[in-house]
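Summary of structural features
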Amino acid sequence: MDDKVLAEQVHRVDIADNNDENQVNNDHSTANEDRNQESSKKSSRKRKTKKQSSLKDDALHQQRLMAYQPVLTPQRAIPFLIFLGLVFIPLGIVFLFASNSVVEYVLDYTDCTSEAPISDTFAQSRGQFEWRRDPSDPLTCVIRLRTTSRKAMGRPVFLYYQLTNFYQNNRLYAKSFNYEQLMGRPLKRDELRDCEPLVGPVNDKDGVYYPCGLIANSWFSDDIQVEGYDFAPFDIAYPYDRKMYSKSEYDLAKVNVYPPPNWDKEALGLSVDKKTGKYTKLPDLHKDQRFMNWMRLSGLSTFRKLYGKYDGQIAEQSTLLIRVRDRYDTRAYSGRKAVVLSTASWMGGKNRFLGYAYVMFGTFLIIIGMVFLAKHLLSPRPLADARYLSWSREDTD
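1. Quick notes on the side chain of Gln-289
Mapping Gln-289 onto the fold places it in helix H9 (residues 289-295). One polar contact links the side chain of Gln-289 to the main-chain amide nitrogen of Ile-236, over a distance of 2.8 Å. For Gln-289, the residues in contact, after removing those within four places along its chain, are Pro-233, Phe-234, Asp-235, Ile-236, Ala-237 and Arg-242.

2. Remarks on the pairing of strand E3 (residues 130-134)
Along E3, five of the five residues are buried, which leaves the element largely enclosed by surrounding structure. Taken together, the two bridges between strand E2 (residues 123-124) and E3 define a ladder with antiparallel strand orientation. Across the sheet, the residue bridging to Ala-123 is Trp-131, located in E3. Adjacent in sequence and paired antiparallel, E2 and E3 are bridged by five residues. Taken together, E3 and the strand that follows it, strand E4 (residues 137-146), pair antiparallel across an intervening segment of two residues.

3. Examining the pairing of strand E11 (residues 303-310)
On a regular strand, each side chain points to the face opposite its neighbour's, so the side chains alternate between the two faces of the sheet. Taken across its eight residues, E11 has seven buried, putting it largely inside the fold. The pairing of strand E5 (residues 157-164) with E11 spans seven bridges and is classified as antiparallel. Across the sheet, Tyr-160 pairs through a bridge with Leu-306, a residue of E11.

4. Description of the environment of Asp-251
Within the element layout of this structure, Asp-251 appears in the loop between helix H7 (239-242) and strand E8 (257-258). Along the sequence, Asp-251 and Leu-282 sit 31 residues apart, while their C-alpha atoms lie 9.6 Å from each other.

What counts, and at which threshold
- Residues numbered from 1 in each chain as written.
- Predicted model: local features only at pLDDT ≥ 70, side-chain atom pairs only at ≥ 80, totals over all residues.
- Heavy atoms only, no water.
- Helix = DSSP H or I, 4+ residues; strand = E, 2+ residues; numbered from the N terminus.
- Polar contact = N/O pair within 3.5 Å; in protein donor to acceptor, adjacent residues only side chain to side chain.
- Contact = heavy atoms within 4.5 Å.
- Buried < 20%, exposed > 50% of the residue type's maximum accessible area, 1.4 Å probe, protein only.
- Pairing = 2+ DSSP bridges.

See below:
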């Protein structure tokens, strides 16, 4: 019995010691939490004091600047609307006159190779011109245009090609190029991942395309000439675009460099080995401004790219012969293509939409102003009348 009593007493003493240790630990943790809270409070006070000291006590930082907040009374709003309308309508008329001063001819030749006769005699097309195909080269479309303008075209005269239903703003398409390669750097195949899926040939794991990517591969390849007029491919690209290109530094003795698969080698005058398909001499793309214009992406599915510029004049009521070597297939994606001859005014090319938009918006403003004026004269509403406040109307109800 004595041994059992002694064991129970020892067990009670151990429990008491454990409780004392737990209490001491709890006291230490509480003290640590208190110290942490005090330090965080002190640091927050320091930050607030520092932030307050950094704020400047002036009118600008404390938002005490003088401000004008006009009250839109009928006497102010109605004359302002009518005034804006009287400003917009003359501006729209000026824009329409500027647009109408531009002489422009759009010649859609998409169906020339399928509808125009292979003959020396012209046939009437669906548009305002005549066409035929050259008997010696059926892919060459000859367009005869009799200008109907009573004034000369120029100077200068711009030559564009126009594509329809071609989406250059497609995300995969727009990302498929490499800026550094266009700047002349001799990048290897594994460094041209931006150009996916057209980096290099499938049968040559080390070969690369120059230039790589989908944008360059789909370059417009039709050849357009106007007989008797030299539409030069110079000074037709933006100065910023010209700075994006430099002479390529690829060493053809060390790297296999190929032209894009869709390029017409003979039409572009490329120096290519007929057996291997590799370049024997790299093209000077840093001098080709037509290529630069193609690489500048368009945001809409119908767009024009500048092809050439003639610094002279084309006399009124002239007859123009335009020869187009048809290589670019637009019917594969249900698109269309056209040759555009145009002059320019101080506001650019022909654009009637801007003038009509200004006239219509100005007319709308005047009509709205007159409606408000009639409302104000027939049933005027007192300014700052407390009866129209929400709580006043609730009390009345």
